[in-house]
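Tertiary structure, described
Spelled out from the first residue to the last, the chains are:
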Amino acid sequence: MKIAIVCYPTFGGSGVVATELGIELSHRGHQIHFITYRQPVRLALLNENVHYHEVNVPEYPLFHYQPYELALSSKLVDVVKHYKIDVLHVHYAIPHAYAGYMAKQMLKEDGINLPIVTTLHGTDITLVGNHPHYKPAVTFSINKSDKVTSVSQSLKEDTLRLFNIQNQIEVIPNFIEVNNLKTENVSCKRSVMAKPEERIITHISNFRRVKNIPDVIKIFNKIQKQIPAKLMMVGDGPEKIKAEELCEKYDIADKVIFFGNSNEVNQILSYSDLFLLPSETESFGLAALEAMACGVPVVSSDTGGLPEVNVDGYSGFLSEVGNVKEMSKNSLIILRDDEVLDSFKKNAFQRAKEFSIEKIVPLYEELYKSALKKN
């Protein structure tokens, strides 16, 4: 199949999933065309089955805000016609599903019927999409898609609760390429981050308020009072400065490393002993799954799709949002004893296998075939 994929080309979960999906599909012999305003961050190398088409938005003084949706829909029409695209897969309802629908209508004028698959990822539904200014357009775009998927059962339920959806939503979870990334050189590289006797705790996110970044610092502060530990903070965003200030307040700045956005996430995780994700909400929890795929147990909140990923008492622990005391206690249960830690690490890795890319990608292939039959 010739598949066009529209996504945000950033470090965010939806962009990562869309990129990894396209790469895996290309390995399976499909021709993949990424269409976005910048090359996706995870699309490091192009191969003969992977193509990238940049969406350019001309600057016109007439427009107070440049019309990306218009430029995207026009680019979609050009790519579909030129490369004879079979299926369009858009990630994120706004503005991609809306632009996809407009492209589909333009293509109909030339006798081309393009099936659209829309994947809902989270904030496009629960935050942005639910805003009164966008809600009618989001509802319309979802209902006009040929196939709709969500990354968790929780997100599906939220979508049906918040919007008047007539379309069927199929749950296809996020996925991970499960690799045992620990190598013979880990011990010597680990020494750059922590001493042998120190546990390494990690958090990865876009440092937005919804991630409860202060709780990460508070939990770590309680941990380091009981056992030797270091905290790795990976990512960037509006809450980063507040986190740094909190580290200074607790006098633990020398025990916390802020990496910023990093392309070495897998390496950092391979050295980690625990992953913290105390988010206010998570539609799925891809960062938690990435940690588990590296054999890192997770202490997280029990919100959104996280309970569908992190199994309480097995791959880690779940607590109510904001329960710093319990999360700290659970972290110490995992970290204090080497045998307990080893058991949780093995369990986390086994749980991650349930979301392996080999299991999930065929579900999308079947969905594409179904969308083609529908049209």
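What counts, and where the lines are drawn
Residues numbered from 1 in each chain as written. Predicted model: local features only at pLDDT ≥ 70, side-chain atom pairs only at ≥ 80, totals over all residues. Heavy atoms only, no water. Helix = DSSP H or I, 4+ residues; strand = E, 2+ residues; numbered from the N terminus. Rg over C-alpha atoms; globule rule 2.2 N^0.38 Å. Buried < 20%, exposed > 50% of the residue type's maximum accessible area, 1.4 Å probe, protein only. Contact = heavy atoms within 4.5 Å. Areas by Shrake-Rupley, 256 points an atom, 1.4 Å probe, with all protein chains shown as cover. Lys, Arg positive; Asp, Glu negative; His and termini not counted. Charge placed at Lys NZ, Arg CZ, Asp CG, Glu CD. Arc of directions from axis to C-beta. Pairing = 2+ DSSP bridges. Axes fitted to C-alpha atoms, helices over the stretch in contact; angles between N-to-C directions. Salt bridge = Lys/Arg side-chain N within 4 Å of Asp/Glu carboxyl O.

The number of helices and strands found in the protein chain is 15 helices and 13 strands. Taken over C-alpha atoms, the radius of gyration comes to 22 Å for the protein chain, in line with the 21 Å a tight globule of 375 residues would show. When the backbone C-alpha atoms are referred to their principal axes, the protein chain occupies close to 70 × 40 × 35 Å. Taken over 375 residues, the protein chain has a buried fraction of 54%. Taking all contacts inside the protein chain whose residues are at least 6 apart in sequence as the whole, residues at least 24 apart take part in 69%. Summed over all atoms, the accessible surface of the protein chain reaches about 17,000 Å², with 49% contributed by carbon and sulfur. A distance of 2 Å separates the average location of the 41 positive side-chain charges in the protein chain from that of its 45 negative side-chain charges.

All buried positions along helix H5 (residues 135-144) are accounted for by Val-138, Thr-139, Ser-141 and Ile-142. For H5, the arc enclosing every buried residue in end-on projection is 165°, short of the 170-degree limit, so these residues lie on one face.

Glancing now at the sheet that holds strand S13 (residues 316-319). Strand pairing in a sheet relies on backbone hydrogen bonds. The paired strands run either parallel or antiparallel. Across the sheet, six strands lie side by side as S10-S9-S8-S11-S12-S13; this open sheet has parallel pairing. A single partner strand is all that each edge strand has here, and the edge strands are strand S10 (256-260) and S13. Across this sheet, the average inter-strand angle for adjacent strands is 20°, counted without regard to direction. As judged from the two bridges shared by strand S8 (residues 199-204) and strand S11 (residues 274-277), these two strands associate in the parallel manner. Note that in S11 the partner of Thr-202 across the bridge is Phe-275.

Next up on the list: the pattern of salt bridges. Note that side chains of opposite charge can pair when their charged atoms are close. Taken as a whole and judged by the stated rule, the model has 14 salt bridges. Across the salt bridge formed by Lys-104 and Asp-146, the nearest N and O atoms sit 2.7 Å from each other. Of this pair, Lys-104 sits in helix H3 (residues 93-108) while Asp-146 sits in the loop between H5 and strand S6 (147-150); the two residues are 42 residues apart in sequence, bridging distant segments of the chain. By the burial criterion, Lys-104 is buried, and Asp-146 matches it. Among the ionic pairs, Lys-230 bridges to Glu-198, the shortest N-O distance being 3.8 Å. Of this pair, Lys-230 sits in strand S9 (residues 229-234) while Glu-198 sits in the loop between helix H7 (186-190) and S8; the two residues are 32 residues apart in sequence, bridging distant segments of the chain. What makes Glu-198 buried here is its relative accessible area of 10%. By sharing partners, the salt bridges in this structure join Glu-24, Arg-28 and Glu-365 into a single network.

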